[in-house]
Amino acid sequence: MKSSIALKLEQLARRLDELTRLLSSEDVVRDMDSYRKLTREHAEITPLVALYQSFKQAEADAHTAQGMLVDAQMKSFAETELREARERMAAIEIELQKLLLPKDPNDERNTFLEIRAGTGGDESGLFAGDLLRMYMRFAERNRWQVELISESPSEIGGFKEVIAKIIGQGVFSKLKFESGGHRVQRVPATETQGRIHTSACTVAVMPEVDQIDDVVINPAEIRIDTFRASGAGGQHINKTDSAVRVTHLPTGIVVECQDGRSQHKNKAQALSVLAARIKDKQLREQAAKQAATRKSLIGSGDRSERIRTYNFPQGRVTDHRINLTLYKIQDIMDGDLAELTGALAAEHQAEQLALLGEEAAASIQP
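My aim in this report is to walk through the structure given alongside it, one point at a time. Keep in mind it's a predicted model, so treat the numbers as computed, not measured. (Residues numbered from 1 in each chain as written. Predicted model: local features only at pLDDT ≥ 70, side-chain atom pairs only at ≥ 80, totals over all residues. Heavy atoms only, no water.)

Turning to the overall build of the chain, a few remarks are in order. A tally of helices and strands in the chain yields nine helices and eleven strands. At a minimum sequence separation of 6, the contacts of the chain that also span at least 24 residues come to 61%. Of the accessible surface of the chain, which amounts to about 20100 Å², a share of 50% is contributed by carbon and sulfur atoms. (Helix = DSSP H or I, 4+ residues; strand = E, 2+ residues; numbered from the N terminus. Contact = heavy atoms within 4.5 Å. Areas by Shrake-Rupley, 256 points an atom, 1.4 Å probe, with all protein chains shown as cover.)

Structure below.
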């Protein structure tokens with residue numbers, strides 16, 4: 001175990017002792033807010049310290065077994081004890097590292113998924129439709145629910161823009177690294193000479209927010225316009241001003257919702273998406289600052305960054321942030337994203353561990 005990580009754990013062990021003393025005080029319940037904070041912190045630290053004590057015990061066992069190796073009669077037994085102790089230490093260290101990582105408070109939130117066609121004309125719109133299907137199939141595999149919030153179909157199929165809400169356990173934790181530029185290389189159905197075209201779409205993944213707790217929207221800073229919805233929907237949708245456009249004046253963010261037949265429902269959906277976009281903007285600005293400091297490639301939230309290429313002629317998908325290439329494009333387009341999302345999460349975890357080690361090392365510098 002790195003000395004910097006061990007130091008961090010020693011500090012937590014001392015903090016746990018301090019919390020235990022504070023919670024045993026007769027005066028602790030006089031301030032219930034403080035009491036709740038202390039008990040919450042105590043509950044969070046306790047499993048970490050207990051695991052660290054197990055690590056130290058395994059370390060002591062390994063040290064004892066090491067000393068027994070010089071005894072010829074005990075050598076075989078000592079070698080077994082030493083191997084088992086080291087295996088326990090390695091397993092515990094992995095668990096400790098995971099527990100030490102800061103938790104993303106948004107990981108369990110429902111998520112808004114926005115896909116916008118970019119360069120490439122009609123082919124880009126078709127690819128936007130393919131990406132939506134890919135994420136919907138991924139949602140099915142995870143037993144998530146998908147609701148289409150707003151869609152702007154392109155002329156020959158696909159979408160100019162589409163917004164979906166994905167509801168389920170751990171949605172944001174698995175999709176949060178999908179934001180960015182997605183590029184496709186393939187021969188379009190309309191191409192008569194078999195030439196490969198390149199087009200692109202932009203994907204934005206945003207956690208649903210509690211407008212009261214997370215984002216305060218001043219009613220004086222938004223403009224709400226109603227208009228008649230376009231496209232399919234029957235006579236009703238064309239005769240009433242059910243579609244809603246919400247403009248956030250300070251940021252210039254515009255959200256349109258016209259899929260619901262109720263103006264009230266469209267307004268509520270638009271305001272929900274607006275709150276998510278405002279929060280997402282704040283998170284991306286924060287991530288950009290961190291990325292500038294650490295040169296991070298994962299989770300920077302930069303929409304202009306090309307993060308992935310889907311090359312159909314070669315049957316490959318390449319994620320440029322982690323230099324991962326998988327030759328199973330049809331499976332991926334059918335929603336088999338687990339290997340991609342898992343690799344991105346692992347890389348992000350490695351970055352967090354590196355940062356944790358740097359912070360702990362800095363704390364022991366004179």
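Next comes the rest of the write-up.
To continue, consider the nonpolar core. Formed by 34 residues in total, the largest nonpolar core has its most connected members in Ile-115, Leu-131, Met-134, Tyr-135, Leu-175, Tyr-310 and Ile-332. Secondary structure elements with two or more residues in this core: β1 (111-117), α4 (122-141), β3 (159-167), α5 (171-175), β5 (197-207), β11 (324-326), α8 (329-333) and α9 (338-363). Setting aside anything within four residues of it in sequence, one finds Met-134 in contact with Tyr-310, Ile-332, Met-333, Gly-335 and Leu-337. (Core = buried A, V, L, I, M, F, W, Y, C linked by side-chain atoms within 4.5 Å. Buried < 20%, exposed > 50% of the residue type's maximum accessible area, 1.4 Å probe, protein only.)

Pairing is mixed across the open sheet formed by eight strands, whose spatial order is β2-β3-β1-β5-β4-β9-β10-β11. Of all strands in the sheet, those with a lone pairing partner are β2 (145-153) and β11, marking the two edges. Neighbour-to-neighbour, the strand axes of the sheet open up by a mean angle of 15 degrees, direction not taken into account. In the sheet, β2 pairs with β3 via eight bridges, with the strands oriented antiparallel. Note that in β3 the partner of Glu-147 across the bridge is Lys-165. (Pairing = 2+ DSSP bridges. Axes fitted to C-alpha atoms, helices over the stretch in contact; angles between N-to-C directions.)

Take the sheet that holds strand β7 (residues 243-248) next. With respect to topology, three strands assemble into an open sheet ordered β6-β7-β8, the strand pairing being antiparallel. Taken across any chain shown, the strands that pair with only one partner, and hence form the sheet edges, are β6 (222-227) and β8 (253-257). Direction aside, the axes of adjacent strands within the sheet are offset by 15 degrees on average. When β6 meets β7, the two strands line up antiparallel, connected through six bridges. Across the sheet, Thr-226 pairs through a bridge with Val-244, a residue of β7.

We now examine the side chain of Gln-269. Mapped onto the elements of the fold, Gln-269 is located in helix α7 (residues 263-294). By relative accessible area, Gln-269 is classed as buried at 17%.

Even without being a glycine, Arg-143 presents a positive backbone phi close to 60 degrees. Assignment of secondary structure puts Arg-143 in the loop between α4 and β2. Of note, the phi angle at Asn-323 is positive, near 55 degrees, even though the residue is not glycine. With respect to the element layout, Asn-323 can be found in the loop between β10 (316-319) and β11. Assessed through its relative accessible area of 70%, Asn-323 is described here as exposed.

Using the criterion set out here, one finds 26 salt bridges in the structure. Two residues, Arg-15 and Glu-18, come together in a salt bridge whose shortest N-O distance is 3.2 Å. Taken together, the residues span about one helical turn, with Arg-15 and Glu-18 both in helix α1 (residues 3-23) at a distance of three residues. When the shortest N-O distance is used, the salt bridge between Glu-208 and Lys-165 registers 2.8 Å. One end of the pair, Glu-208, is in the loop between β5 and β6; the other, Lys-165, is in strand β3, and 43 residues separate them in sequence. With respect to class, Glu-208 is no different from Lys-165; both count as buried. The network of salt bridges with common partners includes Arg-133, Arg-137, Glu-140, Arg-141 and Asp-334. (Salt bridge = Lys/Arg side-chain N within 4 Å of Asp/Glu carboxyl O.)

Let us look at the packing of helix α2 (residues 32-68) against helix α3 (residues 75-100). For the pair α2 and α3, the least separation of the axes is 8 Å and the interaxial angle reads 155 degrees. Considered as vectors, α2 and α3 are oriented roughly antiparallel to each other. Crossing angle aside, the handedness with which α2 passes α3 is left-handed. When its residues are assigned to classes, the contact of α2 with α3 shows 17 nonpolar, two polar and eight charged. (Parallel < 35°, antiparallel > 145°, perpendicular 65-115°, else oblique. Left-handed = near helix turned anticlockwise from the far one by under 90°. Nonpolar A, V, L, I, M, F, W, Y, C, P; charged D, E, K, R; others polar.)

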